[in-house]
Amino acid sequence: QVQLVESGGGLVQPGGSLRLSCAASGSFLSINTMGWYRQAPGKQREMVARIISAGSTNYADSGQGRFTISRDNAKNTVWLQMNSLRSEDTAVYYCNVVVIDYISRREYWGQGTQVAVSS
């Protein structure tokens, strides 16, 4: 089993910044992909950013140029730096981790952290 601990959410004014973190612990051989997804009220969950173990990244158009994802494999931790935040960034942000054990890949989700962008 894998446990994900998220932190860094909160209330921020438009134009401000937040840094989300997610730390994975438990039993696994390695972590493949780590990423962040978000879901706003009345909307579908969407991918925000993903990063694979080798460092390659993908960003949704909404965060391109404003968000940066990074990871530390030794600490099993992924971060999402969010700058120039807008009201439309308001959502619950979920950490997603794909782990590899000796026989399979498994996907895990964090419980979510609220990000609110408002004056």
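What you see is a predicted model; the values in this text were computed from it and never measured.

The backbone of Asn76 shows a phi angle near 55 degrees, a positive value even though the residue is not glycine. Topologically, Asn76 is positioned in the loop between strand S7 (67-72) and strand S8 (77-82). Even without being a glycine, Ser84 presents a positive backbone phi close to 50 degrees. Note on placement: Ser84 falls in the loop between S8 and strand S9 (91-100). Accessibility expressed as a relative area gives 42% for Ser84, which makes it partly exposed.

This paragraph deals with the environment of Gln13. Within the secondary structure layout, Gln13 lies in the loop between strand S2 (10-12) and strand S3 (18-26). In this structure the C-alpha to C-alpha distance between Gln13 and Ser84, which are 71 residues apart in sequence, comes to 9.5 Å. Apart from residues no more than four positions distant in its own chain, Gln13 is found in contact with Val117, Ser118 and Ser119.

Close approach of charged atoms allows side chains with opposite charge to pair. This model, assessed by the stated rule, comprises 4 salt bridges. In this structure, Glu46 engages Arg38 in a salt bridge whose closest nitrogen and oxygen atoms are separated by 2.7 Å. Look at Arg38 and you get buried, because its relative accessible area is 5%. Note that Arg106 is salt-bridged to Asp101, the shortest N-O span being 3.7 Å. Looking at Arg106, the relative accessible area reads 44%, which means it is partly exposed. When salt bridges that share partners are traced, they join Arg38, Glu46, Arg66 and Asp89 into one network.

With antiparallel pairing, 4 strands are arranged side by side in an open sheet as S1-S3-S8-S7. Only two strands of the sheet have a single partner each, and these edge strands are strand S1 (2-7) and S7. For this sheet the average axis-to-axis angle between neighbouring strands, irrespective of direction, equals 15 degrees. In this structure, S7 lies alongside S8, joined through 6 bridges in antiparallel fashion. Within S8, the residue paired with Ser70 across the bridge is Trp79.

Below, the discussion takes up the environment of Ile69. As for its placement among the helices and strands, Ile69 is situated in strand S7. Along the sequence, Ile69 and Trp79 sit 10 residues apart, while their C-alpha atoms lie 5.7 Å from each other. In this structure Ile69 touches Met34, Gly35, Trp36, Ala49, Arg50, Ile51, Thr57, Tyr59, Val78, Trp79 and Leu80, once residues within four positions along its chain are discounted.

We now examine the pairing of S9. By the criterion of burial, S9 is predominantly enclosed, with 7 of the 10 residues buried. Where strand S4 (residues 30-39) meets S9, 8 bridges bridge the pair, whose relative direction is antiparallel. Opposite Gly35, over in S9, you have Asn96 as the bridge partner. Summarising the sheet, S9 and strand S10 (residues 105-109) pair through 5 bridges and their orientation is antiparallel. Following the sheet pairing, Ile100 is matched in S10 by Arg105. Between S9 and S10, which pair antiparallel in sequence order, lie 4 residues.

Procedures and definitions
- Residues numbered from 1 in each chain as written.
- Predicted model: local features only at pLDDT ≥ 70, side-chain atom pairs only at ≥ 80, totals over all residues.
- Heavy atoms only, no water.
- Helix = DSSP H or I, 4+ residues; strand = E, 2+ residues; numbered from the N terminus.
- Buried < 20%, exposed > 50% of the residue type's maximum accessible area, 1.4 Å probe, protein only.
- Contact = heavy atoms within 4.5 Å.
- Salt bridge = Lys/Arg side-chain N within 4 Å of Asp/Glu carboxyl O.
- Pairing = 2+ DSSP bridges.
- Axes fitted to C-alpha atoms, helices over the stretch in contact; angles between N-to-C directions.

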